[in-house]
Amino acid sequence: MSQDLTQQWLTEIQSLKQQLAELLRDRDAAWESAQKWRKLYNTEAEQRRTDAQMSQQAIASLKAELQKLQGSEEERLADGTAVTAIQQEIEPLKSVEDMQLKLIAVIKERDRLVQALKTEQDNHAQTRNSLTTALGDAIDRLTQERDLGKRGRGAGGREQGENKY
């Protein structure tokens, strides 16, 4: 009887050692997985920071270019040569009818340029919306994949735990 009791205790100790070893392996695997996800998260965050910085630089560059263009337009108009060129274009117009025709041509050109600008602005807005939607979809897909990955590991761990006991 004492030998049976000793054997039961030895069997129980062996079983507990085996369970402990399995739990330690599971813990190590979970730690490695967490490290992998942490590294992926940090890589993604760094990419986002880089993208944001590049976007800020592009915006600053475009603002500088816009100011430069606006400044050159103001300089051109303030410059006497632009005024002289306009006066030379108007000077041959001797009659009211000629001026009306020139005014109609200028208004048509202005309308064409306004329409071209509006089309460009609409295209820009559409592109921005498309890119925003694509970015949102990518983030949603990444979140879903991470959730599936967590569920898959969680279910596997439970199944192993159920088989152990």
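Residues numbered from 1 in each chain as written. Predicted model: local features only at pLDDT ≥ 70, side-chain atom pairs only at ≥ 80, totals over all residues. Heavy atoms only, no water.

Novice: What should I look at first to understand the overall build of the protein in this one?
Specialist: Of regular secondary structure, the protein possesses 3 helices and 0 strands. Secondary structure of the protein in N-to-C order comes out as α-α-α. Classification of the 165 residues of the protein by burial places 4% in the buried group. Counting every atom, the protein has about 14600 Å² of accessible surface; 58% of that belongs to carbon and sulfur. (Helix = DSSP H or I, 4+ residues; strand = E, 2+ residues; numbered from the N terminus. Buried < 20%, exposed > 50% of the residue type's maximum accessible area, 1.4 Å probe, protein only. Areas by Shrake-Rupley, 256 points an atom, 1.4 Å probe, with all protein chains shown as cover.)

Novice: When you look at the pattern of salt bridges in this model, what are you seeing that I'm missing?
Specialist: Taken as a whole, this structure holds 7 salt bridges when the rule is applied. Glu 89 is the partner of Lys 102 in a salt bridge, and the nearest nitrogen-oxygen pair spans 2.3 Å. Here the residue Lys 102 occupies a position in helix H3 (residues 96–164), and Glu 89 occupies one in helix H2 (residues 80–90), the gap between them amounting to 13 residues. (Salt bridge = Lys/Arg side-chain N within 4 Å of Asp/Glu carboxyl O.)

Novice: It is not clear to me how the packing of aromatic side chains should be interpreted in this structure. Could you clarify?
Specialist: The description of two aromatic rings rests on the distance between their centres and on the angle between their planes. Overall, the coordinates contain 0 aromatic pairs when judged by the stated rule. Against the face of Trp 31 rests Arg 38, its NZ or CZ located 5.7 Å from the ring centre. (Phe/Tyr/Trp six-rings, centres within 6.5 Å; stacked < 30°, edge-to-face > 60°. Lys NZ or Arg CZ within 6 Å of the ring centre and 35° of its normal.)

Novice: Before we go on, may I ask you to explain the confidence of the model for the protein in this structure?
Specialist: Any region with low pLDDT has predicted coordinates that should not be read closely. Here the protein averages 84 in pLDDT, and 86% of its residues register 70 or above. Mean pLDDT across the secondary structure elements of the protein bottoms out at H2, with 77, and peaks at helix H1 (residues 2–78), with 88. Here residues 155–165 is a poorly scored stretch, pLDDT under 50, and it has 5 contacts once near neighbours within four places are set aside; other chains count. (pLDDT = per-residue confidence, 0-100. Contact = heavy atoms within 4.5 Å.)

Novice: Please clarify how a nonpolar patch on the surface should be interpreted in this entry.
Specialist: On the surface, a nonpolar cluster with roughly 430 Å² of combined accessible area is contributed by Leu 5, Trp 9, Leu 10 and Ile 13. Note that Leu 5 resides in helix H1. (Patch = residues over 30% accessible without salt bridge, like charges linked within 9 Å, V, L, I, M, F, W, Y side chains within 5 Å.)

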